[in-house]
Amino acid sequence: MMNYTEFLEYIYRRYSGNVKLGLDRITGILSDMGNPQSQLHGMHIGGTNGKGSVCAALEALASAHGLHTGMNTSPHLIDYCERFRIDGGNVEFSTVLDVFHRHEEIFTKWDASFFEITTAIAFQLFADQKVETSVIEVGLGGRLDATNLFIPEVSAITTIGLDHVKTLGDSLEQIAFEKAGIIKQGIPLVLGHLEPAPRRVILEQAETRQARAFVLNEDILVSHVVNQRNGIQFDFEFGEFSLPGLRANLLGRHQAANLAIALTAFLLYCDRSGLHPDESKLREGLLNIHWRGRMQLLREAPLLIVDGAHNLQGVQTLVNNLNELYPGQKLLFVVSILADKDYEHMLKLLCPLARCFYISKNESERAAEIGVQAAVVSEMGLPCQTAPTVSEALNMALADADSRDVIIGAGSLYTVAEIISSVD
């Protein structure tokens with residue numbers, strides 16, 4: 001029997017290089033498994049940024065209503081089993097391993113990829129557990145993503161930004177077309193606020209598939225957003241629902257839009273499933289969202305906040321939130337970005353807020369070299385210290401900080417995970 005470390009090393013070594021866009025393999029895999037995804041009901045969430053927060057909010061809303069939930073997200077921060085949550089808790093590793101061994105011959109037969117295996121395990125776990133409400137996050141894109149064999153009651157697309165351009169295309173319209181691939185015939189779509197060009201692409205796809213679209217700032221209204229250091233408050237309106245003064249335990253003004261998408265998707269899911277949403281339970285759910293690594297406060301005096309911003313759109317959102325929460329204060333940044341991201345512009349967005357950077361190289365094989373990141377900061381005329389690991393960079397920042405300082409860890413989910421592990 002493999003232990004956790006042996007299992008991860010095995011599937012990374014055996015399957016991580018088998019990436020090939022297309023649905024033929026996952027279709028064959030799931031068919032040989034008996035199509036466990038066909039037993040599931042729930043919501044399918046795509047988009048460039050925000051989809052994980054929407055998933056976590058949907059899980060919390062469903063749990064508050066007493067529903068037996070399953071949530072599949074990616075990537076994981078610390079533990080592979082984070083990708084599979086049932087009723088808000090990670091599935092035991094032994095259970096994940098059992099599902100893998102039950103179907104390993106099928107995975108080998110189809111030369112499955114790491115993500116295809118992970119998706120198939122999630123579908124099987126949720127079917128085995130007879131989950132009532134599944135929340136499934138798209139891995140990459142949508143149209144050719146392994147999760148796209150799931151037929152939900154509601155789909156949602158949060159945002160469209162330039163990310164994974166080598167895979168999805170180098171224009172917002174191309175990326176929108178790939179994201180729109182999750183839209184199913186006759187299945188309602190919740191859509192975040194998008195720029196006109198990608199919005200047009202997605203709405204055209206929705207019309208072609210007779211999927212009614214409910215659009216943020218048109219059909220869904222959010223107002224009176226208050227961004228506080230312990231969460232946000234906002235008013236929400238959708239159809240017959242008017243919910244003033246909603247409070248949530250997520251940090252950042254941008255989360256009001258994500259939560260509005262989640263609320264709308266959940267209300268549509270209830271309508272299509274014969275469920276009756278309860279206002280007090282909606283409010284309760286928003287106060288009990290469990291989502292690590294996104295504007296998450298890890299410690300105080302000095303404050304240490306981590307955020308998974310890993311592309312330009314995400315970093316701009318982080319900058320907006322920090323300007324609002326800590327106006328005029330110069331911050332300390334512990335940063336390591338991946339080489340295939342636009343690290344130069346990401347760092348330049350952070351520079352006006354910074355007193356000092358602590359640059360390192362996270363453990364991802366895709367991590368940018370320390371020197372190239374540090375050169376950007378130095379070019380902007382800011383102090384920069386370097387360390388070989390994220391943990392050492394964090395310790396340098398903590399040593400330099402006094403109790404009134406704010407330290408921000410960002411640049412990659414890998415970086416965030418390593419900071420959380422150092423603090424835990």
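Everything that follows concerns the structure shown earlier in this document.
Residues numbered from 1 in each chain as written. Predicted model: local features only at pLDDT ≥ 70, side-chain atom pairs only at ≥ 80, totals over all residues. Heavy atoms only, no water.

Chemist: How should the overall build of the chain be read in this particular structure?
Modeler: When helices and strands are tallied, the chain shows 15 helices and 17 strands. Since a compact globule built from 424 residues should have a radius of gyration of about 22 Å, the 21 Å found for the chain is in line with a globular shape. Projecting the C-alpha coordinates of the chain onto the three principal axes gives extents of approximately 55 × 50 × 40 Å. Scored against the burial criterion, the 424 residues of the chain give a buried share of 57%. Positive and negative side-chain charges of the chain, numbering 34 and 51 respectively, have mean locations separated by a distance of 2 Å. (Helix = DSSP H or I, 4+ residues; strand = E, 2+ residues; numbered from the N terminus. Rg over C-alpha atoms; globule rule 2.2 N^0.38 Å. Buried < 20%, exposed > 50% of the residue type's maximum accessible area, 1.4 Å probe, protein only. Lys, Arg positive; Asp, Glu negative; His and termini not counted. Charge placed at Lys NZ, Arg CZ, Asp CG, Glu CD.)

Chemist: Would you mind going over the sheet that holds strand S4 (residues 89–90) with me for this structure?
Modeler: Hydrogen bonds between backbone atoms are what pair the strands of a sheet, whose relative direction is either parallel or antiparallel. Ordered in space as S4-S3-S2-S5-S1-S6-S7-S8, the 8 strands form an open sheet in which the pairing is mixed. Whereas interior strands pair on both sides, the edge strands pair on one side only; in this sheet they are S4 and strand S8 (213–215). By the bridge criterion, 4 bridges tie strand S1 (residues 42–46) to strand S5 (residues 133–137) in an arrangement that is parallel. Of the residues in S5, the one forming a bridge with Met43 is Val135. Along the sheet, helix H5 (residues 114–128) contacts strand S2 (69–72), strand S3 (84–86) and S5; its crossing angle with S3, the most-contacted strand, is approximately 15°. Relative to strand S7 (residues 189–191), helix H8 (residues 196–208) is tilted by about 170°, and along the sheet it contacts strand S6 (154–157), S7 and S8. (Pairing = 2+ DSSP bridges. Contact = heavy atoms within 4.5 Å. Axes fitted to C-alpha atoms, helices over the stretch in contact; angles between N-to-C directions.)

Chemist: Just to check I follow, could you spell out the nonpolar core for this structure?
Modeler: It is characteristic of soluble globular proteins that their nonpolar side chains tend to be buried jointly. If you look at the biggest cluster of nonpolar residues, it comprises 44 residues, and the most contacted ones within it are Leu58, Phe234, Phe236, Leu259, Phe266, Leu286 and Ile289. Mapped onto this core, the elements with two or more residues apiece are S1, helix H3 (51–64), S6, strand S9 (220–228), strand S10 (231–238), strand S11 (241–248), helix H9 (255–273) and helix H10 (279–286). Residue contributions to this core peak at 12 residues, all from H9. Residues within four places of Ile289 in sequence aside, it is in contact with Ala56, Ala57, Ala60, Asn249, Leu250 and Leu259. Val96, Leu97, Val99 and Ala122 belong to the second largest nonpolar core, which has 37 residues in total. (Core = buried A, V, L, I, M, F, W, Y, C linked by side-chain atoms within 4.5 Å.)

Everything listed here is a matter of coordinates, which is why it stays silent on function.
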